[in-house]
Amino acid sequence: AQSVTQLGSHVSVSEGALVLLRCNYSSSVPPYLFWYVQYPNQGLQLLLKYTSAATLVKGINGFEAEFKKSETSFHLTKPSAHMSDAAEYFCAVSAQGAQKLVFGQGTRLTINP
Amino acid sequence: DTAVSQTPKYLVTQMGNDKSIKCEQNLGHDTMYWYKQDSKKFLKIMFSYNNKELIINETVPNRFSPKSPDKAHLNLHINSLELGDSAVYFCASSLGPGSSGNTIYFGEGSWLTVV
């Protein structure tokens with residue numbers, strides 16, 4: 001079975017500062033990993049995904065994530081936060097044979113002016 | 001053009017009522033899903049259909065009944081609504097089952113409030 005843990009339900013950074021949202025996964029088989037973003041009162045939008053190609057994955061809006069098998073992590077980063085990045089971020093995992101996407105509990109990102 | 005569209009977006013109804021949420025995708029995908037997001041933002045899969053066949057049925061009360069008339073549509077009917085059913089329900093679709101690493105595309109959500 002797969003599971004995801006997102007460290008920190010709420011992260012607050014200043015505009016222009018580094019954004020780091022943490023995600024650790026558990027999977028008995030090689031995982032597929034995803035980051036989604038949810039803006040208020042909207043659906044989920046894919047930021048990026050890892051599917052066993054390059055370990056450093058670049059996504060939309062300047063975000064990127066690095067798959068580290070030894071640490072079972074897939075942390076999301078952005079070098080410089082923008083006010084428009086304020087949203088809820090979800091890490092998710094699936095795996096061959098799993099048939100479904102399992103989500104972490106989400107991290108709310110707040111950007112301070 | 002909205003890829004995954006669901007209606008209604010907002011629904012307020014009384015306990016005991018029966019309601020339906022409709023979903024359509026125009027992406028040509030074979031697999032569709034219903035996810036539930038609770039008040040703490042936690043997302044959990046409820047059902048998944050692949051080519052109109054039910055492939056995932058999580059531990060969901062049998063008051064919830066999905067129906068897929070064709071692979072572009074997946075509707076959710078809820079009988080005898082309870083207060084605890086208040087949540088956001090997301091329809092989603094993917095090219096194939098999530099096990100292949102396919103991206104899952106989500107609709108805008110249906111906010112259900114039971115009073």
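It should be noted that the structure appears before, not after, this text.
To keep things clear, this report deals only with the structure shown in the data block. (Residues numbered from 1 in each chain as written. Chains lettered and ligands numbered in written order. Predicted model: local features only at pLDDT ≥ 70, side-chain atom pairs only at ≥ 80, totals over all residues. Heavy atoms only, no water.)

1. A few points about the sheet that holds strand β8 (residues 73–78) of chain B
All names here are of chain B. Operational definition: Here, any two strands with at least 2 DSSP bridges between them count as paired. Counting from the N terminus, the helices are the DSSP runs of H or I reaching at least four residues and the strands are the DSSP runs of E reaching at least two. Only the stretch in contact is used when a helix axis is fitted, and all axes are lines through C-alpha atoms; the angle between N-to-C directions ranges over 0 to 180 degrees.
A sheet is described by the order of its strands in space; here four strands give the open sequence β1-β3-β8-β7, paired in antiparallel fashion. Two strands bound the open sheet, and with one partner strand each, they are β1 (4–7) and β7 (64–70). Neighbouring strand axes in the sheet, compared pairwise and without regard to direction, differ in orientation by 20° on average. In terms of strand pairing, strand β3 (residues 19–25) meets β8 through four bridges, oriented antiparallel. Note that in β8 the partner of I21 across the bridge is L76.

2. Quick word on the environment of A:C91
All names here are of chain A. This is how it is decided: Every residue pair with non-hydrogen atoms within 4.5 Å of one another is taken to be in contact.
Positionally, C91 belongs in strand β9 (residues 87–95). On a C-alpha basis, the gap between C91 and Q42 in space is 17 Å, while along the polypeptide they are 49 residues apart. Among residues more than four places away in sequence, those in contact with C91 are V4, Q6, C23, F34, W35, V102, F103 and G104.

3. Points about the environment of B:T103
Test applied: Under the rule applied, a polar contact is a pair of N or O atoms within 3.5 Å (in protein, one hydrogen donor and one hydrogen acceptor; residues adjacent in sequence only if both atoms are side-chain atoms).
Summarising the element assignment, B:T103 is placed in the loop between β9 (87–94) and β10 (105–106). With 64 residues separating them along the chain, B:T103 and B:S39 place their C-alpha atoms 25 Å apart. Leave out the neighbours within four places in its chain, and B:T103 touches A:F34, A:Y36, A:L46, A:K49, B:S93 and B:S94. Of note is the side chain of B:T103, whose polar atom sits 2.9 Å from the side chain of A:K49.

4. Some points on the pairing of β8(B)
Residue and element names in this part refer to chain B. Going by this rule: Any residue under 20% of the maximum accessible area for its type is buried, any over 50% is exposed, and the rest in between are partly exposed; the area is computed with a 1.4 Å probe on protein chains only.
The side-chain alternation of β8 yields one buried face, formed by L74, L76 and I78, and one unburied face, formed by H73, N75 and H77. By the bridge criterion, five bridges tie β7 to β8 in an arrangement that is antiparallel. Of the residues in β8, the one forming a bridge with D70 is H73. Here β7 folds back onto β8 in antiparallel fashion, the turn holding two residues.

5. Let's talk about the interface of chain B and chain A
Just so we agree on the cut-off: Once two parts are joined, some of their accessible surface, as seen by a 1.4 Å probe, is lost; buried area is that loss totalled over both. Any carboxyl oxygen of Asp or Glu that lies within 4 Å of a side-chain nitrogen of Lys or Arg is treated as forming a salt bridge with it.
Taken together, the 26 residues of chain B in the interface contact 24 residues of chain A. Each partner contributes to the roughly 1,900 Å² buried at the junction of chain B and chain A, and carbon and sulfur atoms together form 55% of this total. Scanning the region where chain B abuts chain A turns up one salt bridge. B:E58 is the salt-bridge partner of A:K100, the closest N and O atoms lying 3.2 Å from each other. Inspection of the region where chain B meets chain A yields six residue pairs in polar contact (both at pLDDT 80 or more). If you list the elements that add at least two residues to the side of chain B that touches chain A, you get β4 (31–37), β5 (43–50) and β6 (53–57) of chain B. If you tally residues by element for the side of chain B that touches chain A, the top one is β4(B), at three residues.

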